[in-house]
Amino acid sequence: MQLIFATHNQHKVGEISPLLPVSIKLVALKDAGITEDIPETADTLAANAMQKAMFVYEKLKSDCFADDTGLEIDALGGRPGVYSARYAGEGKSAAKNIEKVLIEMRDKRSRAATFKTVIAAIIGGKPYLFEGAVKGFIAQQKTAGENGFGYDAIFIPDGQMVSFAQMSLEEKNSLSHRAKAVAKFIEFLNSR
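Structural notes, computed from the coordinates. Bear in mind the structure is a predicted one, so any value in this text is a computation, not a measurement. (Residues numbered from 1 in each chain as written. Predicted model: local features only at pLDDT ≥ 70, side-chain atom pairs only at ≥ 80, totals over all residues. Heavy atoms only, no water.)

Examining the nonpolar core
Where a protein is soluble and globular, its nonpolar side chains tend to be buried together. For the record, the criterion: Buried Ala, Val, Leu, Ile, Met, Phe, Trp, Tyr and Cys residues form a nonpolar core when they are joined through side-chain atoms within 4.5 Å. Three labels apply to residues, based on accessible area from a 1.4 Å probe with only protein chains included: buried if under 20% of the type maximum, exposed if over 50%, partly exposed otherwise in between. Runs of H or I in DSSP of at least four residues are treated as helices and runs of E of at least two as strands, each being numbered from the N terminus. Here, residues are in contact when the closest pair of their heavy atoms is within 4.5 Å.
Grouped together as the largest cluster of nonpolar side chains are 20 residues, with contacts concentrated most on Leu-71, Ile-73, Val-101, Ile-138, Tyr-151 and Phe-155. Within the residue set of this core, elements represented by two or more residues are β3 (64-73), α3 (94-104), β5 (112-123) and β6 (126-138). With three residues, α3 is the single largest residue contributor to this core. Sequence-distant contacts of Ile-138, that is, excluding residues within four places in its chain, are made with Leu-71, Ile-73, Val-101, Leu-102, Met-105, Arg-111, Ala-113, Ile-154 and Phe-155. Val-13, Ile-24, Phe-65 and Phe-188 belong to the second largest nonpolar core, which has 18 residues in total.

What follows is the structure, given as structure tokens:
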């Protein structure tokens, strides 16, 4: 089975690829001939993911999926949430996003947060949604790890002593929000 992954983010492709069974060939957007930015104008993770998947499906009429991920921080009323990628501005700068969160969290006693991923898939022309979440907390400062991307350097999952950025890909994929959503997606594909 061939699946087009509606993302230009190579970090996401690298994270999801090892989670998929060998029977699924993952095709990145650039390999499918789509180079333009896909709109993300919805106000929920699910709607954004579906918007991206539908964009690709309407162009290629092929089975595809997209994801949208958000970091929801309790003390910030759920922000950055659906605006996680552009929290510090349209430039999608992970460093600036982290800096903004750490400044906003400076005086907060509660540091609880949830990382969520929603996968929207169009399979056989029908839409499906799969969600994964992991609870944790926001570190006091950016951690030293070099792995991961986005907010990984400040998110420490519950029960762990290190951030996602300090984990190997295998460690992160054993408990991450994205891995949980992908697992539900794969279970669905295997049940067809």
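Observations regarding the pairing of β5
Put simply, side chains in a regular strand alternate between the two faces of the sheet. Let me state the cut-off plainly: By definition, two strands form a pair when at least two bridges between them are found by DSSP.
For β5, the tally of buried residues reaches 10 of 12 residues, placing the bulk of the element in the interior. Relative to β5, β3 runs antiparallel, the two being bridged by 10 bridges. Residue pairing across strands places Asp-67 opposite Ile-119, the latter belonging to β5. Alignment of β5 against β6, held across 12 bridges, turns out to be antiparallel. The residue bridging Val-118 from the neighbouring strand is Glu-131, located in β6. Taking the residues that link successive antiparallel strands as the turn, the β5-β6 hairpin has two residues, and the phi of Gly-124 there is positive, at about 60°.

So, the side chain of Thr-7
Definition in use: Residues adjacent in sequence count toward polar contacts only when both atoms are side-chain atoms; beyond that, a polar contact is any pair of N or O atoms within 3.5 Å, and within protein one must be able to donate a hydrogen and the other to accept it.
If you trace the backbone, Thr-7 turns up in the loop between β1 (2-5) and α1 (10-16). At 2.9 Å, the side chain of Thr-7 forms a polar contact with the backbone nitrogen of Asn-9. Ignoring any residue separated from it by four or fewer positions in sequence, one finds Thr-7 in contact with Lys-12, Val-13 and Leu-29.

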